[in-house]
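# Geometric and topological summary
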Amino acid sequence: MTQPAYDIAILGAGPVGHALALLLARQCPDPQRIALLAGTPPAATGPAREPGQDPRVLAMNHGSRVLLESLGAWPSRAADIRHVHVSQRGRLGSTVIHHTDFQVPRLGSVVPYAALHATLHAAVADSGVTVLQGPSAQMVNQDGAGVEIRQGDTHFRARLAVQSDGSSGTDLRREYDQHAIVTTAYATLPRAGWAWERFTREGPLALLPHPLDARAYSVVWCNAPERAAALSQLDEAAFSAALTEAFGTRLGRLSSQAARHVFPLALNARRTQVQGRLVAIGNAAQTLHPVAGQGLNLGLRDAARLAQALAAWSNTPEESPNPLLAQFANARRADRLITGGLTDLMPRAFATGLAPVEHACGLGLLALDAVAPLRAPLARHLLQGLRV
Ligand SMILES: Cc1cc2nc3c(=O)[nH]c(=O)nc-3n(C[C@H](O)[C@H](O)[C@H](O)COP(=O)(O)OP(=O)(O)OC[C@H]3O[C@@H](n4cnc5c(N)ncnc54)[C@H](O)[C@@H]3O)c2cc1C
């Protein structure tokens, strides 16, 4: 039987697929046997956003930064988050987490998606990994010895396929009835190094220090779809006034002249990350609500754990990877469950519109603020995630 064209085919070259390619290249005797398929999504899944045009900014936790730095893929411009303020609009209760609580220089860093993608892409280009640019790629078949991949008119075999195309299955699905508006704003009373997560009845509103402009904030504002559509059409003055009203006056007045981009939000997750010789990681395994900025951090932990699981197999790829893949799936279960659970609960609990529930959430924030031992585990999880 002829040897498959590649040992591993990574389908989808977003930040998670790129990170996995770099991790595998470090441990594989011949990185050319790893293929990274940088395709575009099928038209049916909606208009594709070129990674270089993606307007998202991403809060990366300490663990993700350490990983990306070790891969030589940390963007040159990033903004530090040293303090995080969490509050609830219209109810009592807030809490602040400081970097000094954990004796770390920063709680996290904010980077533009586009810059992170470009840096990862450049690192992969130098890694020896085979990059296959082309149309949409997918696994069309698998058997006991490998998988068959199609990219446009091209077919080839690989021993193992990793799906990192950002589109998770629908085993577990929840519509939040929220869309996120992503934009940039200036404050009349800015505070350097502070990030803000404010829960409103319409959805969470986050202001993050902007990585490219020290005077600006990146805004992620979640609202009901109709309200998000209406807000995105307002003129600059009316939008700025609505944003200031929702956020409150902690930063003075907010004003926004930047473009607004709307992202529909839903939880989509696969029950299991492994099906035979196909493994799903990153958003392809779970797409989360963006509250607390966890999606990519979790996806990078998927990539790091998968590379670790395949370390020995990289030298003996003719053997079956299935026991190692089963160990990988087991090791990732708790982190996926906890992170997915937290980001699923937070936006819903604060948006019930039920006074007793909102008071309970406010009390929770007060308790977190008053009792450091309560705050520490939550902050530590959001800071580092569960690493097994
Ligand atoms: C508004 C918003 C704010 C967010 N903020 C944060 C944050 O602060 N911190 C954080 O950690 N996370 C955040 N996230 C989540 C984060 O953006 C995602 O978790 C992350 O982008 C997932 O990376 P990925 O590589 O798995 O998937 P993607 O980023 O979706 O990349 C997948 C890639 O695969 C390509 N592709 C798709 N289909 C195919 C195909 N068939 N063949 C080949 N290629 C294909 C796509 O074009 C894309 O380039 C946020 C999300 C949103 C919506």
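First, a word on what this report is: a plain description of the structure on this page. (Residues numbered from 1 in each chain as written. Predicted model: local features only at pLDDT ≥ 70, side-chain atom pairs only at ≥ 80, totals over all residues. Heavy atoms only, no water.)

## Remarks on helix 1 (residues 15–27)
Side chains that are three or four residues apart share a direction in an α-helix, a result of its 3.6 residues per turn. So the rule is basically this: The way it works is that DSSP assigns letters per residue, a run of H or I at least four long becomes a helix, a run of E at least two long becomes a strand, and they are numbered from the N terminus. A helix is expected to reach a length of 1.5 Å times the quantity of its residues less one. The cut-offs for exposure are 20% and 50% of the maximum accessible area for each residue type, with area from a 1.4 Å probe on protein chains only; residues under the lower value are buried, those over the upper are exposed, and the others partly exposed. Residue contacts are defined here by distance: any two heavy atoms, one from each residue, within 4.5 Å place the two residues in contact.
With 13 residues, helix 1 ought to run about 18 Å at 1.5 Å a step, and its terminal C-alpha atoms sit 19 Å apart, in line with that. Extensive coverage of helix 1 is indicated by the burial of eleven of its 13 residues. Burial in helix 1 covers these residues: Pro15, Val16, Gly17, His18, Ala19, Leu20, Ala21, Leu22, Leu23, Leu24 and Ala25. Looking at the buried residues of helix 1, the elements they touch are strand 1 (6–11), strand 2 (34–38), helix 2 (62–70), helix 3 (113–125), strand 11 (154–163) and helix 6 (295–309).

## So, the layout of surface pockets
In plain terms, the rule: Think of a 1 Å grid over the protein atoms and nothing else: a 1.4 Å probe that fits but is trapped marks a cavity, an open set flanked by protein within 12 Å on at least five of seven lines marks a pocket, and residues with an atom within 4 Å of a point count as lining. Grid points are joined across faces, edges and corners, and a volume is the space filled by probe spheres set on the points. When residue character is reported, Ala, Val, Leu, Ile, Met, Phe, Trp, Tyr, Cys and Pro are called nonpolar, Asp, Glu, Lys and Arg charged, and the others, Gly included, polar.
Of the volumes computed, that of the second largest pocket is approximately 260 Å³. Lining the second largest pocket are 13 residues, and of these Leu172, Ala269, Arg270, Arg336 and Leu337 lie nearest its centre. Sorting the residues of the lining of the second largest pocket by element identifies strand 17 (261–269) and helix 7 (322–349) as the ones contributing at least two each. In terms of residue count, the dominant contributor to the lining of the second largest pocket is helix 7 (six residues). Partitioned by chemical class, the residues of the lining of the second largest pocket number five nonpolar, three polar and five charged.

## Describing the sheet that holds strand 4 (residues 79–81)
The following threshold applies: Each pair of strands is called paired provided DSSP finds at least two bridges between the two strands. All axes here are fitted lines through C-alpha atoms, helices being fitted over the stretch that makes contact, and every angle between N-to-C directions spans 0 to 180 degrees.
Taken together, the three strands give an open sheet; going across it, the order is 3-7-4, and neighbouring strands pair in antiparallel fashion. Only two strands of the sheet have a single partner each, and these edge strands are strand 3 (57–61) and strand 4. On average, adjacent strands in this sheet sit at an angle of 30 degrees to one another, irrespective of strand direction. In this structure, strand 4 lies alongside strand 7 (residues 108–112), joined through three bridges in antiparallel fashion. Within strand 7, the position partnered with Ala79 by the bridge is Val110.

## Brief notes about the environment of Ala158
Note that Ala158 resides in strand 11. By relative accessible area, Ala158 is classed as buried at 0%.

## Examining the packing of helix 1 against helix 6
Rules: Angle categories: roughly parallel below 35 degrees, roughly antiparallel above 145, roughly perpendicular from 65 to 115, and oblique for all the rest. Two helices cross in a left-handed way if the nearer one is turned anticlockwise from the farther one by less than a right angle. They cross in a right-handed way if the turn is clockwise.
Viewed as axis vectors pointing N to C, helix 1 and helix 6 meet at an angle of 25 degrees, and their least axial separation amounts to 9 Å. Relative to helix 6, helix 1 is oriented roughly parallel. You can see that helix 1 and helix 6 cross each other, and the crossing is right-handed. Where helix 1 abuts helix 6, its residues Pro15, Val16, Ala19, Leu20, Leu23, Leu24 and Gln27 lie against Leu296, Gly299, Leu300, Ala303, Ala304, Leu306 and Ala307.

## Let's talk about the side chain of Thr287
Which entries qualify depends on this criterion: Whenever a nitrogen or oxygen atom comes within 3.5 Å of another N or O atom, the pair is scored as a polar contact, on the condition that within protein one atom can donate a hydrogen and the other can accept it, and that pairs from neighbouring residues in sequence are kept only if both atoms are in side chains.
Relative to the elements of secondary structure, Thr287 occurs in strand 20 (residues 286–287). A distance of 3.0 Å separates a polar side-chain atom of Thr287 from the backbone oxygen of Asn283. Apart from residues no more than four positions distant in its own chain, Thr287 is found in contact with Gly166, Ser168, Ala266, Leu267 and Asn268.

## Description of the environment of Arg332
Locating Arg332 in the fold gives a position in helix 7. The exposure class assigned to Arg332 is buried, which follows from its relative accessible area of 2%. With 34 residues separating them along the chain, Arg332 and Leu298 place their C-alpha atoms 9.7 Å apart.

## Here's the deal with the site of the ligand
Here is the rule: Throughout, near means a residue has at least one heavy atom within 4 Å of the molecule or strand. Per-residue and other accessible areas were derived by the Shrake-Rupley procedure at a 1.4 Å probe size, with only the shown protein chains allowed to occlude residues.
Near the ligand you find 29 residues, and of these Arg56, Ala59, Tyr113, Asn283 and Leu296 are the closest. Within the side chain of Arg56, a nitrogen or oxygen atom sits 2.8 Å from an oxygen atom of the ligand. Tyr113 places a side-chain nitrogen or oxygen 2.7 Å from an oxygen atom of the ligand. Burial of the ligand by the protein chains amounts to 91% of its free accessible area of 1000 Å².

## Quick word on unusual backbone geometry
In this structure, Gln103 is a non-glycine residue whose phi angle is positive, near 50 degrees. Within the secondary structure, Gln103 is located in the loop between strand 6 (94–98) and strand 7. The exposure class assigned to Gln103 is exposed, which follows from its relative accessible area of 71%. With a phi close to 65 degrees, Ala292 is a non-glycine residue in the positive phi region. Its place among the elements puts Ala292 in the loop between strand 20 and helix 6.

## Considering the packing of helix 2 against helix 6
For the pair helix 2 and helix 6, the least separation of the axes is 9 Å and the interaxial angle reads 50 degrees. Comparing the axis directions of helix 2 and helix 6 gives the class oblique. For helix 2 against helix 6, the interelement crossing comes out left-handed. Between helix 2 and helix 6, the residues in contact are Ser64, Leu67 and Leu68 and Asn297, Leu300 and Ala304, respectively. In the contact of helix 2 with helix 6, the residues fall into four nonpolar, two polar and no charged.

## Quick notes on the packing of aromatic side chains
Stated precisely, the cut-off is as follows: Stacked, tilted and edge-to-face pairs are distinguished by plane angle, under 30 degrees for stacked and over 60 for edge-to-face with tilted covering the rest, among Phe, Tyr and Trp rings (Trp via its six-membered ring) whose centres lie within 6.5 Å. Distance and angle both matter: a charge sits over a ring if NZ of Lys or CZ of Arg is within 6 Å of the ring centre and within 35 degrees of the ring normal.
On inspection of all chains with the given rule, the structure shows four aromatic pairs. Between Tyr6 and Phe156, the ring centres sit 5.3 Å apart and the planes meet at 75 degrees, which makes this aromatic pair edge-to-face. Taken together, the residues span a long stretch of sequence, with Tyr6 in strand 1 and Phe156 in strand 11 at a distance of 150 residues. Every member of this aromatic cluster is reached through a ring pair, and the members are Trp194, Trp196 and Phe247. Across the ring face of Trp194, the terminal group of Arg191 is positioned such that the distance to the ring centre comes to 4.1 Å.

Spatial relationships are all this shows, so hold off on functional conclusions.
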